[in-house]
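Coordinate analysis (summary)
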Amino acid sequence: MAISIAIDNVTRTFGTVKALEGVGLKIEAGEFFTLLGSSGSGKSTLLKLIGGFDRPTTGRVLFDEQDVTDMPANRRPSNTVFQDLALFPHMSVGDNVAYGLKVKGIAASERNKRVDSTLALVDLAGFAERNVNLLSGGQRQRVALARALVMEPGILLLDEPLTGLDERLRQQMRDEFGRLHQRTGSTFVLVTHNQDEALSLSDRMAIMHKGTIEQVGRPADFFANPANDFVARFVGMERILKPERLERSGGDTVAVIAGERLVLPGARDVGEMGLLAVRPDRISLVNGHAAPGSSLAATVAGRQFRGRFFDFHLELGDGQKLDAEIAVEFASAWPEPGNPVRLEFAGGALVPVPPSRTAANRDT
Amino acid sequence: MKSPGFLLALPTALIVLLLGFVPLIVILVWSFWTWDPATYWIRPEFSLAGYEAILEAGRWSVILGSLGKAFLTATICVAIGYPAAMAVHFLASRRTALLLMALFTIPFFTSYMIRAFSWRLVLGRNGLINGWLMDVGIVDQPLDWLLFSNFAVNVGLVASYLPFVIFPLILSMQRVEPSLLAASQDLGAGFWRTFRSVLLPLTQAGIFAGFLFVFVMAAGSATEVQMLGGAAASMISVMINDVMRVVNFPLAFAISTVVMIILFGLIYIGNRLFKLTRLFEGFTW
Ligand SMILES: Nc1ncnc2c1ncn2[C@@H]1O[C@H](COP(=O)(O)OP(=O)(O)OP(=O)(O)O)[C@@H](O)[C@H]1O
Ligand SMILES: [Mg+2]
C-alpha cells in the first residue's frame, strides 16, 4: 500500500527565482516525513512536485522506483490535504468525501460504505448531509482529511494543514495525524514551518533553506549532530560561538575561546573552521572556582524571567554573547547585570558545527 | 439606518428610482387607459383594449420571435464566451488578460449602426464569405440565406453583445479558488470532469448574469433586425415604434408591460435558482 518517494536532483526555477536547487531526497514507504523550513524555502514547491501539480525544471520524481515526473496529478496514487483545505463549497460533507470515489466509478453502495467509515475514522460520523460551509475550522480540517484518506492513498501530502487553527485544535489535530498514520500505514509527507509539529510527528524530517535541503534525519539527530549553524539555529540553538581555534586532542575536541581552553568531551570533529552551537539548558553559573577546561569567564548582561527558568544574557571576554537557562530556585543566588561569573558547560552544551555554505553566502 | 453609507447611496437610489421606476409605473398605468381616436390621446378610463390588441395582427408571434432570438443569442454568447473567459482567466498572463479584455470592448467604439452595416459586407451576396466559399469551390452560387435572414440577425446580435457575457463570467471565475480545481484533479478528475463538476457549478451565477444581460439587450434590440433581417422580420422594439407612429399608446404600453413582466419573472426565477446576488458578494476589482 504505502509507496516510497525519491526526489532525484530536482531543480525548479520560476523566472530568475530558484525555488528548488539540486534537491535529492528519499522517503521510505510508510514513513511520516516532514519538510520543515522558513517561508519561501521551497517546501510547497517540493510538495507540488510530489503531488503532480507542477513539474521540475530538471530532475526526476520517482514513486516506488518508477519515474512519475510526467504523470499528471489525477493519475498519481497520492492525495493532498491543501493548505486552504479546498473543500467544494457546493457539495455536502458526504459529497465532498465521495467525490474521488465517484470519479473513480465506484458503485454507490460501496461508495457510501467507504464514505461512512472514513467519516467515522475522523470522528465525523453522521455528518454526511451537513453543509461544509457551516462547519467549524476543526471539522472542515477533518473533512479535508477524510476526502483524501477515503482514496486509501499510498502517499498522503499535507501542506501546512494546521495553520489557521487555534492552539488547542492544533494539538488535537496533531495527535489525530499521528493516529491516522498508524491506522492507514500510508506514507505521510507533511509541510510545516512549526518546529514542534515536525519534532513530535516525524519519523524523519528535512530542513529546507532557500531551495536546498540542509539536513535530513531523525528529529533527535538535529540536536545531537546539526549539519551546520543554520540547522542549529533552526532547531532552537539560537546562539552560535566562533572559537579562536578548534583542535583535536586525544579523542576529544578542544576549543579556544576568549583566551581560555575548553574541552568538549566526546564531541565530533568538524574541522578547524568549526563553530559552536550553544544549548542554553546545559550551562550553569558558578561563583568562584570552576573546573578548568570546562568553564569560561563571562559578565552578566541581563536576565529575563521565563516562568520555569531565568534566561541569563551573558557576554564572554571577547564580546561574544550567549544565553543560559537557569532554574528559578538557583537563579536568585545570582548577581545583577554587570557582575562577573563563570560559566560551567555540561557535556553537550557546546555542539561543534560546520558553517553552512548556503546560509553563510546567501543570508542577508 | 442613519449610516454614512446609506446617505452616500441616497442620491443614486433616488435617481434610479426617478429615472427607472417612475416611467415603469407610468407605462403600467397608461397601458390600462383608453385610447380616444377623436383626440389621438388617452383618457383615464379603464380598458383592456391594449392587451386585446396584442393578440391581433401577429403581434404575439413578434414577441415570441423576439424572445426566441434573444434566447438563442444569449445561449450562443454563453457558449462562445465561456471558453473565452476561461482563456482570459486561466491561461493569459495579467498583461495579456488586460489586453484581451480591452479587445473585447472594442466593438463598443463604433455605433450599432455601423457595426450592423459592416456585417452586410461580410455576409452579402458579394460579401467576404460568399466570395471565399466560391473561390475555394465549396459552392458555385452565392448563398442567399447568409444575409437578410434570421441567421444574419443572430450573427449580428451575438457579435454585438458577446462582451456582456464575458465580464460576468470572468468575475465569477475569479471567485473560484484555484485550489478547488487542484483538489478535483488530486482526487482523480481529468479536465472535463473538473469542468463539469467543479468549475461549471461554481460559475453558474456568472453564466446566468451574462445570459440575462444579453437576453435583455437582445430582446430590446432593433438595429440588427432592421439592417440584417429579411423583409418581414420584426422585433419587439420595431413593433412598438410602428405602434407609436399611429399614436396607439395603450397598445405600445401593453406590449412593454407584457415584455417587462416576462423579463422580471426571468430575473426573479434566475435569482432564486442561481443566487445571482452572490456574484457580487465581497466584490473587489
Ligand atoms: N508559481 C510561482 N511563480 C513564481 N515564483 C514562485 C511560484 N511558486 C513559488 N515561487 C517562489 O519560489 C520560492 C519558494 O516558494 P514555496 O511556495 O515553495 O515556499 P514555501 O517554503 O512553501 O513557503 P511558505 O512557508 O511561505 O509557504 C519563493 O521564493 C516563491 O516566491
Ligand atoms: Mg508553502
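Residues numbered from 1 in each chain as written. Chains lettered and ligands numbered in written order. Predicted model: local features only at pLDDT ≥ 70, side-chain atom pairs only at ≥ 80, totals over all residues. Heavy atoms only, no water.

For the record, the criterion: UniProt positions are given in the numbering used here, feature names are shortened, and annotations may be inferred rather than shown by experiment.
In the nomenclature of an unreviewed UniProt entry, chain B corresponds to ABC transporter permease from the organism Aminobacter carboxidus. Under the UniProt heading Sequence similarities (unreviewed entry), the note attached to chain B is "Belongs to the binding-protein-dependent transport system permease family. CysTW subfamily."

An unreviewed UniProt entry lists chain A under the name ABC transporter ATP-binding protein, with Aminobacter carboxidus as the source organism. The UniProt entry for chain A carries the following comment under Sequence similarities (unreviewed entry): "Belongs to the ABC transporter superfamily."

Some remarks on the confidence of the model for chain A
Residues and elements named next belong to chain A. Heads up, the condition is: Residue-level confidence of the predictor, termed pLDDT, takes values from 0 up to 100. Working definition: helices are DSSP H or I runs of at least four residues, strands are E runs of at least two. Numbering for both runs from the N terminus. Note on contacts: a residue pair qualifies if any of its non-hydrogen atoms lie within 4.5 Å across the two residues.
Across chain A, the average pLDDT comes to 89, with 97% of residues at or above 70. Predicted confidence in chain A is weakest over helix H10 (residues 357-362), with a mean pLDDT of 54, and strongest over strand S4 (residues 58-63), with 96. Counted against residues more than four places away or in other chains, residues 360-364, with its pLDDT under 50, gives 7 contacts.

Concerning the UniProt feature "transmembrane region" (unreviewed entry) in chain B
All names here are of chain B. Residues given the UniProt feature "transmembrane region" (unreviewed entry) here are residues 7-33, 70-91, 98-118, 151-171, 198-219 and 251-270. Here residues 198-219 is 95% helix and 0% strand, with 31 Å between the C-alpha atoms at its ends. Its end C-alpha atoms 29 Å apart, residues 251-270 is made of 100% helix and 0% strand.

Description of the nonpolar core
Under the convention used in this document: To qualify as a nonpolar core, a set must consist of buried Ala, Val, Leu, Ile, Met, Phe, Trp, Tyr and Cys residues joined through side-chain atoms within 4.5 Å. The buried label goes to any residue with under 20% of its type's maximum accessible area, the exposed label to any with over 50%, and the partly exposed label to all in between, with areas taken from a 1.4 Å probe on protein chains only.
Counting 98 residues, the largest nonpolar core has Leu 145 of chain A together with Ile 255 of chain B as its most contacted members. Top element by residues in this core is helix H3 (residues 59-91) of chain B. It accounts for 11 residues. Those residues within four positions of Ile 255 of chain B in sequence are excluded, and the remaining contacts are Ile 54, Arg 59, Ile 63, Ile 236, Met 239, Ile 240 and Val 243 of chain B. In this structure, Leu 241, Leu 262, Leu 285 and Phe 310 of chain A belong to the second largest nonpolar core, which totals 26 residues.

Quick notes on the site of ligand 1
Residue and element names in this part refer to chain A. The cut-off we apply is this: Residues are classed as near a molecule or strand on a simple rule: at least one heavy atom within 4 Å of it. We call two N or O atoms a polar contact when they sit within 3.5 Å, provided that within protein one can donate a hydrogen and the other can accept it, with sequence-adjacent residues counted only if both atoms are side-chain atoms. Per-residue accessibility takes into account occlusion by the displayed protein chains alone, with areas from the Shrake-Rupley method and a 1.4 Å probe.
Taken together, Phe 14, Val 17, Ala 19, Ser 38, Ser 39, Gly 40, Ser 41, Gly 42, Lys 43, Ser 44, Thr 45 and Glu 160 form the complete shell of residues around ligand 1. The contact in question runs from an oxygen atom of ligand 1 to an N or O atom on the side chain of Lys 43, over 2.8 Å. In the model, an oxygen atom of ligand 1 is placed 2.5 Å from a nitrogen or oxygen of the Thr 45 side chain. Protein chains bury 61% of the 630 Å² of accessible surface belonging to ligand 1 in isolation.

Quick word on the sheet that holds strand S15 (residues 275-278) of chain A
As a reminder, the rule being used: Pairing between strands requires that DSSP locate at least two bridges from one strand to the other.
Overall, antiparallel pairing links the 3 strands, which are arranged S11-S15-S21 (chain A) in an open sheet. Because the sheet does not close on itself, it has two edges, and the strands there are strand S11 (240-241) and strand S21 (350-353) of chain A.

Details of the interface of chain A and chain B
We count it as follows: Summed over both partners, the accessible area lost on bringing two parts together, with a 1.4 Å probe, is the buried area. Each reported salt bridge corresponds to a side-chain nitrogen of Lys or Arg within 4 Å of a carboxyl oxygen of Asp or Glu. Polar here means any residue outside two lists: the nonpolar Ala, Val, Leu, Ile, Met, Phe, Trp, Tyr, Cys and Pro, and the charged Asp, Glu, Lys and Arg; Gly therefore counts as polar.
Each partner contributes residues to the interface: chain A has 21 residues there, and chain B has 18 residues. When chain A packs against chain B, the two sides together hide about 1,600 Å² of surface, and 62% of this comes from carbon and sulfur. Among the residues of chain A in contact with chain B, Asn 74, His 90 and Tyr 99 of chain A are the three that bury the most area, contributing 33% of the side total. Connecting chain A to chain B are 0 salt bridges. Counting the contacts that link chain A with chain B gives 7 residue pairs in polar contact (both at pLDDT 80 or more). Put simply, the parts of the chain that give the side of chain A that touches chain B at least two residues each are strand S6 (78-81) and helix H2 (93-104) of chain A. A per-element tally of the side of chain A that touches chain B places H2 of chain A first, with 4 residues. Partitioned by chemical class, the residues of the side of chain A that touches chain B number 12 nonpolar, 6 polar and 3 charged.

Notes on empty space enclosed by the protein
So the rule is basically this: Every definition here rests on a 1 Å grid over the protein atoms only: cavities are sets of points where a 1.4 Å probe fits but cannot get out, pockets are open sets enclosed by protein on both sides within 12 Å along at least five of seven lines, and lining residues have some atom within 4 Å of a point. Grid points are joined across faces, edges and corners, and a volume is the space filled by probe spheres set on the points.
One pass over the full model with this rule turns up 1 cavity of 30 Å³ or more. Its boundaries defined by the atoms lining it, the largest cavity holds a volume of some 30 Å³. Looking at the lining of the largest cavity residue by residue, the classes come out as 4 nonpolar, 1 polar and 2 charged.

Brief notes about helix H5 (residues 167-184) of chain A
Residues and elements named next belong to chain A. For the record, the criterion: Expected helix span is given by 1.5 Å per residue-to-residue step, counting one fewer step than there are residues. To obtain the arc, one takes the directions from the helix axis to the C-beta atoms.
Between its first and last C-alpha, H5 extends 26 Å over 18 residues, near the 26 Å set by a 1.5 Å rise per residue. Among the residues of H5, Leu 169, Arg 170, Met 173, Arg 174, Glu 176, Phe 177, Leu 180 and His 181 are the ones counted as buried. Taken down its axis, H5 places every buried residue within 165 degrees of arc, on the same side. For H5, the exposed residues lying more than 90 degrees away from the buried face are Arg 168, Asp 175, Gln 182 and Arg 183. Gly 185 lies just past H5 and shows a positive phi near 70 degrees.

Section: the UniProt feature "domain: ABC transporter" (unreviewed entry) in chain A
The sites that UniProt annotates as "domain: ABC transporter" (unreviewed entry) are residues 5-235 of chain A. Taken end to end, residues 5-235 of chain A comprises 37% helix and 27% strand; its first and last C-alpha atoms sit 25 Å apart.

Some details on the confidence of the model for chain B
Residues shown with low pLDDT carry predicted positions that ought not to be read at fine detail. Scored by pLDDT, chain B comes out at a mean of 82, with 94% of its residues at no less than 70. Interface confidence for the predicted complex, expressed as ipTM, amounts to 0.80; the pTM equals 0.80.

Notes on the packing of aromatic side chains
Quick reminder of the rule: Pairing of aromatic side chains here covers Phe, Tyr and the six-membered ring of Trp, requires ring centres within 6.5 Å, and sorts the geometry by plane angle: under 30 degrees stacked, over 60 edge-to-face, intermediate tilted. Placement of a charge over a ring requires the Lys NZ or Arg CZ to be within 6 Å of the ring centre, with the centre-to-atom vector within 35 degrees of the ring normal.
Counted according to the given criterion, the structure contains 15 aromatic pairs over all chains. Taking the centre distance of 6.2 Å and the plane angle of 45 degrees together, the rings of Tyr 161 of chain B and Phe 164 of chain B count as tilted. Placement of the pair is Tyr 161 of chain B and Phe 164 of chain B together in helix H7 (residues 150-174), with a separation of 3 residues, close to one helical turn. A relative accessible area of 3% means that Tyr 161 of chain B is categorised as buried. Relative accessible area serves as the criterion here: at 25%, Phe 164 of chain B is assigned to the partly exposed category. Linked through ring pairs, Tyr 82, Phe 191, Trp 192 and Phe 195 of chain B together constitute an aromatic cluster. Cation over ring: Arg 76 of chain A sits above Phe 63 of chain A, and NZ or CZ is 5.7 Å from the ring centre. For Arg 130 of chain A, the ring lying beneath its charged end belongs to Phe 127 of chain A, and the centroid distance is 4.3 Å.

Here's the deal with the sheet that holds strand S16 (residues 283-286) of chain A
Residues and elements named next belong to chain A. Basically, it comes down to this: Throughout, an axis means a line fitted to C-alpha atoms (over the contacting stretch in the case of helices), and angles, computed between N-to-C directions, take values from 0 to 180 degrees.
Reading across from one edge, S16-S20-S17-S18-S19 is the order of the 5 strands in this open sheet, with antiparallel pairing throughout. The open sheet has two edge strands, S16 and strand S19 (321-327), and neither has a second partner. Here the strands of the sheet are splayed against their neighbours by 45 degrees on average, with no regard to which way each runs. Relative to S19, strand S18 (residues 309-316) runs antiparallel, the two being bridged by 7 bridges. Bridged to Leu 314 within S19 is Leu 322.

Structural notes on the layout of surface pockets
If a probe as big as a water molecule is rolled over the atoms, it shows which places are left empty. Residue and element names in this part refer to chain B. Considered as a void within the structure, the second largest pocket measures approximately 480 Å³ in volume. Taken together, 16 residues form the lining of the second largest pocket, with His 89, Phe 90, Pro 178, Leu 181 and Ala 182 sitting closest to its centre. For the lining of the second largest pocket, the elements supplying multiple residues, two or more each, are H3, helix H8 (178-186) and helix H9 (191-202). Broken down by class, the residue content of the lining of the second largest pocket amounts to 10 nonpolar, 6 polar and no charged.

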